[in-house]
Every structure is written in structure tokens, then in C-alpha cells.
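# Survey of secondary and tertiary structure
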Amino acid sequence: LQGDEKCLNFSISVEGEASAQEENATKAEKKTSIPTFNVTAWNNDGSDHDSFISGYREFSLTGEIATTGIRWTKPYTKVFYAHANIPGSVASVTCADYTRQTLTYTVPADAANQNDILMGTYSGNGGDTRTAELVFKHVLTAVEFYISESAPIPAVSRITLNGVYGSGSVTQTSNGALGQWDATNSITVIQTISSSQIAPGERVGVPFILIPQESADWIGISVSAISQGKNILLN
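Residues numbered from 1 in each chain as written. Predicted model: local features only at pLDDT ≥ 70, side-chain atom pairs only at ≥ 80, totals over all residues. Heavy atoms only, no water.

## Some points on the pattern of salt bridges
Short version of the rule: Each reported salt bridge corresponds to a side-chain nitrogen of Lys or Arg within 4 Å of a carboxyl oxygen of Asp or Glu. Note on classification: 1.4 Å probe, protein chains only; a residue is buried when its accessible area is under 20% of the maximum for its type, exposed when over 50%, partly exposed between these limits.
For the structure on display, the rule yields 2 salt bridges. Measuring nitrogen to oxygen at the nearest pair gives 2.7 Å for the salt bridge that ties D97 to R100. Looking at D97, the relative accessible area reads 23%, which means it is partly exposed. For R100, a relative accessible area of 32% corresponds to the partly exposed category.

## Topic: the nonpolar core
This is how the line gets drawn: Among buried residues, the Ala, Val, Leu, Ile, Met, Phe, Trp, Tyr and Cys ones that are joined through side-chain atoms within 4.5 Å form a nonpolar core. Secondary structure elements follow DSSP: runs of H or I of four or more residues count as helices, runs of E of two or more count as strands, with numbering from the N terminus. Any two residues having at least one pair of non-hydrogen atoms within 4.5 Å are treated as being in contact.
Counting 28 residues, the largest nonpolar core has L103, Y105 and I159 as its most contacted members. Put simply, the parts of the chain that give this core at least two residues each are β6 (91-97), β7 (100-106), β11 (155-173), β12 (182-192) and β13 (208-210). Excluding its chain neighbours within four sequence positions, the residues that come into contact with I159 are F145, V189, I190, Q191, I193, V204, F208, S222 and V223. Counting residues in each nonpolar core, the second largest holds 22 residues, with F52, L61, A84 and F136 among its members.

## Examining the confidence of the model for the protein
Regions with low pLDDT carry predicted coordinates that are not meant to be interpreted in detail. Cut-off, in case you're wondering: Predictor confidence is given residue by residue as pLDDT, running from a minimum of 0 to a maximum of 100.
Summing up the model confidence of the protein, the mean pLDDT is 80 and the portion of residues at 70 or higher is 77%. Within the protein, the element-level pLDDT minimum falls on strand β15 (residues 230-234), averaging 53, and the maximum on β7, averaging 95.

Take a look at the structure:
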């Protein structure tokens, strides 16, 4: 990777998930594939933002590798920061220096519009390989609901969560570690579900994709169901 003789390539993996080349997931689902991602680069000695990837640039995988055609401009070790699946209207990523990148995010109120967001890093000199592996981590949490195996209920039409975090920021460092969320305010999120009967043991609707919370004691849960043509509310 160093000097003028080798081009920079990226490969990716999702920590704790399936292969990055599996079929892309839909909205409000945990992503196990990353066909398109954005990367920026810093010199690991903190001297400057490396101009050969200035700001975040988009790359796409072909097979399992993104071949960039880019050559390192200085013989320093590098830190690469990456992110994927970020909806521009509610999220932004900044990288102030070579030690960290920060995601700022606002949770959409409708579960159908919530996105699973991933952030990744690679740090190394690249002297032994042409390929830098970006290891992505999920920065949000998935909350799912299932019908009890022992107590089937009528068709569910809506799930409402009150008191979840609505916005905040989280930082990933140059070694890939994710910090604690600095989250604020309290919002209500909902999802509307088809009124068809859900069998015992099956998931209801799609996951809520939310900012992690250490304690859920103050979160209120309401489930709207349909029984004999009438709407009922379960709290």
C-alpha cells in the first residue's frame, strides 16, 4: 500500500454478523451486507487529513473487494474511518482528527423509516498487503416483539414505545472502539402492522432500530390489537 507501486483496496466485515456479501436487508432490519460505504483517511501520526481521500468518499464492493485505484501519498501509517447506511436527513458523520469519528443521529418516529447504521475503522501501515479490512460495528440497537408460544393473541395492528431516546451522538476511535452514546430527549416511536393473524412464536412487524439505552424502566409499551372486529389496547 505504501509509495507509488501499490493501489489501495478495501475489504469489509460486519462484527458479529453474517458475511458482508449476503443479500442486502430492508429498512428497519439489521444489515448483514454493505454493498456501498464511505471512507475517509488520516495520517496516523496526526499530521494532517490525508488528501488522497479528502472528506468521505463513496466506494462500492465488486465481489468482496473495493478496488480504488488510489495510491498513498505519504509513507505514514494510516487510519481509515468508514460508515454505511446513513440517511442524510437524520444523520451525519464528522471526523475531527485521526483519533475519532462521530455520528450524530435523530431517530425517525416511524419504525418503517429507521435505519441500521454501521461504522468501521482500519489502522495500519499496509506494508504487508494491498487490502485494508474495514471492520464495521452496529451503533444502534434492534428491539423486536414476538407472539408468545403459549398465549396467542388477536391480530396486532400497532406497537407504540414511549420514552425512548430521540437523538444523540456516539464516537468510534482509531482502534475501532465505540464510546457511550450521549443521548438526549424522549420521544414516541410507532409501527403500523398488517392486521393479519400472527402465529405463536412469530415476530410482530419489523424491529425498532433505536439508540441503545442502559435502562428501559421508564419506557412505556402499548400494543393495539383487533379482537372480534374491535380494537383493543394492551399496555
